[in-house]
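Summary of the model geometry
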Amino acid sequence: SALPNVAYEKVLKTEGENQYVNNVQVTVWIMIWIGVARILGASRELLAGAGAAALPSLSLGGLAGGLRAAFDGFTPAVWGVILLKALNGLLIPATFKYADNILYSYAKPSSIVVTTLVSAAFAGVVPAPSLLIGVALVVSSVVLYSSKPKAGKAD
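Source: prediction; values computed, not measured.

With that out of the way, let us pick up the overall build of the chain. Regarding its fold elements, the chain presents 6 helices and 0 strands. Beginning at the N terminus, the succession of helices and strands in the chain can be written as α-α-α-α-α-α. Here the chain holds 155 residues, and 12% of them are scored as buried. Sequence-distant contacts, at least 24 apart, represent 61% of the contacts inside the chain between residues at least 6 apart. Of the roughly 12,000 Å² of accessible surface on the chain, 72% is carried by carbon and sulfur atoms.

Shown next, in the form of structure tokens:
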């Protein structure tokens with residue numbers, strides 16, 4: 001997973017475009033592919049004999065109904081996860097643009113450690129000793145990476 005991260009960091013640092021413009025471009029391409037997949041699925045059902053009911057509705061009422069159906073059953077917890085994933089999509093390019101791949105490599109395990117410890121505290125359970133050893137290794141490696149060696153005296 002390091003190679004795509006380095007390539008993405010290079011694109012963000014050399015293109016000169018705004019990271020939000022890049023995110024919007026990716027989102028538009030994703031929406032196009034989802035639309036193509038939906039049309040292909042409907043045409044396959046139409047050819048299989050499902051009739052006109054298989055065709056996607058192009059009216060505003062049909063679009064609104066489709067959107068309501070897509071989000072039906074979403075709980076506040078699900079919306080919280082969606083918000084966190086959206087923030088993740090904004091923070092990762094910012095990390096690559098203003099920091100480097102090594103910092104991102106430390107950010108991922110650090111977030112896992114924090115999430116695990118907070119979850120354990122909320123659940124009222126004590127994490128396994130192997131997990132605590134892993135947490136200690138992650139924290140110590142972050143401290144070692146961020147510490148600067150003392151300047152030695154020149155003889």
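On we go.
With that settled, consider the packing of aromatic side chains. Here the structure, examined in full by the defined rule, presents 3 aromatic pairs. Ring geometry for Phe71 against Phe74: centres 5.4 Å apart, planes inclined by 90°, an arrangement best described as edge-to-face. The class for Phe74 is partly exposed, based on a relative accessible area of 30%. Ring pairs connect the aromatic residues Phe71, Phe74 and Trp79, which therefore count as one cluster.

Before going further, it helps to spend a moment on a nonpolar patch on the surface. Residues Val24, Val28, Trp29, Ile32, Trp33, Val36 and Leu40 make up a contiguous nonpolar surface patch of roughly 710 Å² in combined accessible area. Relative to the assigned elements, Val24 resides in helix 2 (residues 19-50).

Quick look at the environment of Tyr104 now. Here Tyr104 lies in helix 5 (residues 101-123). By relative accessible area, which is 10% here, Tyr104 ends up buried. The spacing of Tyr104 and Pro93 is 11 residues in sequence and 9.8 Å in space, taken between C-alpha atoms.

Moving on, we come to the environment of Tyr145. Positionally, Tyr145 belongs in helix 6 (residues 129-146). The sequence separation of Tyr145 and Ile102 amounts to 43 residues, and the corresponding C-alpha distance is 9.5 Å. Excluding its chain neighbours within four sequence positions, the residues that come into contact with Tyr145 are Asp100, Ile102 and Tyr106.

Parameters and conventions
- Residues numbered from 1 in each chain as written.
- Predicted model: local features only at pLDDT ≥ 70, side-chain atom pairs only at ≥ 80, totals over all residues.
- Heavy atoms only, no water.
- Helix = DSSP H or I, 4+ residues; strand = E, 2+ residues; numbered from the N terminus.
- Buried < 20%, exposed > 50% of the residue type's maximum accessible area, 1.4 Å probe, protein only.
- Contact = heavy atoms within 4.5 Å.
- Areas by Shrake-Rupley, 256 points an atom, 1.4 Å probe, with all protein chains shown as cover.
- Phe/Tyr/Trp six-rings, centres within 6.5 Å; stacked < 30°, edge-to-face > 60°.
- Patch = residues over 30% accessible without salt bridge, like charges linked within 9 Å, V, L, I, M, F, W, Y side chains within 5 Å.
- Salt bridge = Lys/Arg side-chain N within 4 Å of Asp/Glu carboxyl O.

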